[in-house]
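A closer look at the structure
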Amino acid sequence: MLLQRLRGKRTHSTPKAIIRNQMPASSKAKSLSSLVRSAIKSKASSISLASPADDATLKHFASSLDSSPPSKPKSKKSIKSNKSLSEPTAPSAVASLNLDPAWASEDLTNEVPGEIFSILSGGSSSNSPDLQGTEDEKSMEKALELPWFPDMSHSVLSMRRKEITRERKQKWIFKSSQVNRFGRLVNMCADRLGTHTTIQVFDKLGRESGVKEYNALIKICIERARSSADEDVGLEQIHMAFQIFKSMKEQGFPLEEETYGQFLAYLVDMGMTEEFQFFCGVIKAENPSSVARLGYYEMLLWIRVDDEEKIQELCNYIVSDDGGTMSILQENYLLALCESDRKEEILQLLEIMDITQFSSLDFVASIFRCLGRLLLESYAEKLLLSFKGCDRAAENITNFISSYVVGIPNLAVEDVISNFKNWHTKLEVTPSSAGYEKLIMYCCESLKVHAALEMVEEMCELGLTVSIGALHSILRASDESCDFNLVHQMYSMICRYKLKPNGETFRSMISLCVKMKDYGGAYDMLSDLEKMNLTPTASMYNAIMVGFFREKNIYGGLRVLKQMKEADVQPDSQTFSYLISNCESEEDINKYYEELKRSGIQVTKQIFMALVNAYATCGQFEKAKQVLLDKGIPVKCLNEIKSVLVQSLASHGQLCDAFSVYEEMKQAGCSLEPKAVISLIEHLQSDEELSRLLPLLDELDDPDYWFEGCLRTILYCVRYKHLRPALNLLKQLRDKFCTDELALEVIFNQVFVLIAESESTHLQLGLDLLHAIKNELGLTPSRKCLDFLLHACANAKDLRNSLLIWKEYEAAGLPYNTLSFIRMYQALLAAGDRKASKILLSKIPKDDPHVRTIIKACKTIYS
């Protein structure tokens, strides 16, 4: 038992409430392995493929009758329960066709021991950034941190800081990174050495560990405990976290919620009541002011373990208390109830508690969100009127209204906005900037950019201030939703209402213009900078340059460089990375690299990656490998750059060299970046490579990359007719994504479209795969799977199997639609059964001109 390991004894007392009485309670901790339950269900919406047939699909179908199936359309029909393959039994094709009309529907010391860098030489695995300028959010945060270079001169460090400042201007989100260089070492050491050894390493560095480092180690222990399916491993990690916690206490570090919160949240999730009592006792003894927050976790604990007696005991305490020194504790109890949607208790407490006197307005906003989720409109109105009638926090009513309407479930964005306005009219209050911006953020999260822009327009008309953060959120949402053209509406509002954008705003708008190839609009914005008292930056020009390079317009990209120099804007490292990446000769690579060094710009990780890719593109593979020998490469970046080398070699057909570098990395204990692994899988496309593909798949830990790698490997197996390995991988996919029916359907559709595009000899593999999917995997294929198989039957002129697949539609509960009728008509014609094809033709709706065109093409091809 964990508690025995923490204090060496058990307690058998039976207390009252934990927080108020400071007495340990007796409750047997539940087994970790039996309590870890995190099933996240995602359902895919079903789309009926009913007539009239999709025009684009039918057009493609008409043009591919003689050789290949139509492009894979998006199907959202769920993969369902098991069915057995039906064999046609009727003596004739006509009798075998079911033509029932009912079925026709649709922070660093002076020296660092060399051993540390030796230990960390592999670095930590992270995704290589996209050299075209897009990085994920984790990479953005890393770019805000200074690397640990103990032998750097002050001038070089100063230069590096300036370079980082430039890089930050390219990011969507501006925030001070609290995780410094030492914090990054914490994660790397803990990952490679373990938490205990990491603390010893810190001692060797001559620096005591600080609160942030301890918190980072505790977080790692908690995460490992959560992810482990082995109860002993989980207990060991929690015990290790407690030792770090104990060390903090002994060294006099404050025990704040940032430290103890992650402990208590884990214990609550695991339902470990006795351990929770023990930790609360330690925390309260060291930090008496934590009583209120401990109450929040206590209430969550009793809710988690379904102890209704304890929940009611705490509620009774709130009711009986006079609201003195314990009022904040009351607030935290109520907050926990709201976050757990305990409707009965919430209503009971709201009748006696005056939330207008709450210490935290954020708590109040959480209460209103809960009222929205529980559809308690009358209570929300009563509370809002209470705030309107009091002097305190009356100006926050609009913020509370937005919290309430956003919390209402299953409400369209348009309805949320309508409710927001109706509430203000009903209460006769004027909306505030905070309330509007909360709705704008909600619209952006839902990628409803038009609605967000309308809210900004309304704010401007009301004379409310629009924050720069709101503008950036809309620009980000426009990018994510591919509504690039909305940048013009945004810029028009900025000009009309004289809003105050900054350089990042302009960079973002220029980038959106470039993405829709509106270079004129991008240059117009550059010209308007002076009117806004802003100066052009390298990042703005970079946004235009990358657009030209993305289109392989080298001349256009170089013209942007010339324009930068004419505008007296100095290129930054990103500029040079783009230039080097798109060099067409070794001479150009050397020219820009020398110019970079002369300019005094720090050679960044992206520059080294660009050099690797550029040399490989020019066929200078040995020079690409020699980039790794540069002594200026930070140790922590070496692994990523090696991965880029592997990826670049593989994509240029140098698989032997790519695998050689990969094997060297494995022997050094380094891991290959996921993108590089995918590249190896993608380019291993000759027969007899299966023994190399499967181990590569094991290198992928990230679920998304594993999914992609597994799909590519399955397609390889289908291409070379490796049925059993393909089925084994499909089983793994089913087990990993059993709740994601859409993901499974996408995989099966891609498998069967490959079969339809292959030679007729692949038909039997498709039929065997269909049988195994139903009988071994317990799934029913989607409509598209059957459509592609039916097409394969037509290509093979196989009447018998065409009839077999035709019956599968009905067995799978899939009504015949126009497209399935046409595919069967094609199959009958190809097999030479004119009589059956004529009868089937009479059942096909011919109102759509595309359908008539396809029928005519079928007759011409198969006559």
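All values reported here derive from a predicted model rather than from experimental measurement. (Residues numbered from 1 in each chain as written. Predicted model: local features only at pLDDT ≥ 70, side-chain atom pairs only at ≥ 80, totals over all residues. Heavy atoms only, no water.)

1. With respect to the overall build of the chain
The number of helices and strands found in the chain is 47 helices and zero strands. Evaluated residue by residue, the chain yields a buried proportion of 51% over its 863 residues. As displayed, the chain has an accessible area near 39,000 Å², and 49% of this comes from carbon and sulfur atoms. (Helix = DSSP H or I, 4+ residues; strand = E, 2+ residues; numbered from the N terminus. Buried < 20%, exposed > 50% of the residue type's maximum accessible area, 1.4 Å probe, protein only. Areas by Shrake-Rupley, 256 points an atom, 1.4 Å probe, with all protein chains shown as cover.)

2. With respect to the pattern of salt bridges
For the coordinates displayed, the defined rule picks out 26 salt bridges. For Arg692, the salt bridge goes to Glu689, with nearest N and O atoms at 3.6 Å. Overall, Glu689 belongs to the buried group, its relative accessible area being 14%. Each of Glu308, Arg342 and Glu345 takes part in a single network of salt bridges with overlapping partners. (Salt bridge = Lys/Arg side-chain N within 4 Å of Asp/Glu carboxyl O.)

3. Considerations on the packing of aromatic side chains
On inspection of all chains with the given rule, the structure shows 24 aromatic pairs. With centroids separated by 5.1 Å and ring planes inclined at 80°, the aromatic side chains of Phe245 and Phe263 adopt a geometry described as edge-to-face. With a gap of 18 residues between them, Phe245 in helix H12 (residues 231-250) and Phe263 in helix H13 (residues 257-270) connect regions that are remote in the sequence. In this pair, the class of Phe245 matches that of Phe263, namely buried. Here the aromatic cluster, defined as three or more aromatic residues joined through ring pairs, consists of Phe242, Phe245, Phe263, Phe278 and Phe279. Over the aromatic face of Tyr296 sits the side chain of Arg293, whose NZ or CZ is 4.3 Å from the ring centroid. It is Arg559 that lies over the ring of Phe548; its NZ or CZ is 5.3 Å from the centre. (Phe/Tyr/Trp six-rings, centres within 6.5 Å; stacked < 30°, edge-to-face > 60°. Lys NZ or Arg CZ within 6 Å of the ring centre and 35° of its normal.)

4. A look at unusual backbone geometry
Even without glycine at this site, Asn533 takes up a positive phi of about 60°. Mapped onto the secondary structure, Asn533 falls in the loop between helix H28 (519-528) and helix H29 (538-550). Of the residues examined, Asn533 reaches a relative accessible area of 72% and is grouped as exposed. For Lys797, which is not glycine, the phi dihedral falls at a positive 55°. Along the chain, Lys797 falls in the loop between helix H43 (783-796) and helix H44 (799-811).

5. Side note on the side chain of Gln262
Within the secondary structure layout, Gln262 lies in helix H13. For Gln262, a relative accessible area of 18% corresponds to the buried category. Reaching out from Gln262, the side chain makes a polar contact with the backbone oxygen of Asn215 at a distance of 3.5 Å. With near-sequence residues (within four places) excluded, Gln262 lies in contact with Asn215, Ile218, Lys219, Ile222 and Glu257. (Polar contact = N/O pair within 3.5 Å; in protein donor to acceptor, adjacent residues only side chain to side chain. Contact = heavy atoms within 4.5 Å.)

6. Remarks on the environment of Leu733
Relative to the helices and strands, Leu733 resides in helix H40 (residues 723-736). The spacing of Leu733 and Cys710 is 23 residues in sequence and 7.9 Å in space, taken between C-alpha atoms.

7. Focus on H29
A rise of 1.5 Å per residue sets the reference length of H29, with its 13 residues, at 18 Å; its end C-alpha atoms lie 18 Å apart and thus fit the reference within 8%. The element H29 is extensively covered by neighbouring structure, given that twelve of its 13 residues are classed as buried. Within H29 the residues assigned to the buried category are Ala538, Ser539, Met540, Tyr541, Asn542, Ala543, Ile544, Met545, Val546, Gly547, Phe548 and Phe549. Buried residues along H29 sit against helix H27 (503-515), H28, helix H30 (554-566) and helix H31 (573-581). (Expected span 1.5 Å × (residues − 1).)

8. Notes on helix H19 (residues 361-373)
For H19, built from 13 residues, the straight-helix expectation of 18 Å at 1.5 Å per residue is met to within 8% by its first-to-last C-alpha distance of 19 Å. Packing partners of the buried residues in H19 comprise helix H15 (291-304), helix H17 (327-339), helix H18 (343-350), helix H20 (377-388), helix H21 (397-407) and helix H23 (433-445). Between the side-chain oxygen of the N-cap and the backbone nitrogen of Asp362 there are 3.3 Å, and the N-cap of H19 in question is Ser360. Note on H19: the residue one or two positions beyond its end, Leu375, has a positive phi of about 55°.

9. Describing the packing of H15 against H17
Between H15 and H17, the least distance of the axes is 8 Å, while the angle of their chain directions is 35°. The interaxial crossing formed by H15 with H17 has right-handed handedness. Residues Val291, Ala292, Arg293, Gly295, Tyr296, Glu298, Met299, Leu300 and Ile303 of H15 form the contact with H17, whose own contacting residues are Ile328, Leu329, Asn332, Tyr333, Leu335, Ala336, Leu337 and Glu339. In the contact of H15 with H17, the residues fall into twelve nonpolar, two polar and three charged. (Axes fitted to C-alpha atoms, helices over the stretch in contact; angles between N-to-C directions. Left-handed = near helix turned anticlockwise from the far one by under 90°. Nonpolar A, V, L, I, M, F, W, Y, C, P; charged D, E, K, R; others polar.)

10. With respect to the environment of Leu512
Of note, Leu512 is situated in helix H27. Taking the C-alpha atoms as reference points, Leu512 and Cys482, separated by 30 residues in sequence, lie 8.9 Å from one another. Leu512 has contacts with Leu475, Ser478, Asp479, Phe484 and Val487, leaving out every residue within four places of it along the chain.

11. Some remarks on the state of the cysteines
What we call a disulfide is simply a covalent bond connecting the sulfur atoms of a pair of cysteines. According to the stated counting rule, one finds zero disulfides in the structure shown. Not engaged in a disulfide, the cysteine Cys444 finds its nearest cysteine sulfur in Cys443; these two sulfurs lie 6.8 Å apart. Relative accessible area serves as the criterion here: at 8%, Cys444 is assigned to the buried category. (Disulfide = S-S within 2.5 Å.)

12. Describing the confidence of the model for the chain
Looking at the chain, the pLDDT average stands at 78 and 74% of residues meet or exceed 70. When the elements of the chain are averaged for pLDDT, helix H3 (residues 32-35) gives the smallest value, 30, and H27 the largest, 96. A low-confidence stretch, residues 9-16 (pLDDT under 50), is modelled with 21 contacts involving residues beyond four sequence positions or located in other chains. Confidence drops under a pLDDT of 50 for residues 21-180, and excluding neighbours within four residues, the segment shows 365 contacts in the predicted structure. (pLDDT = per-residue confidence, 0-100.)

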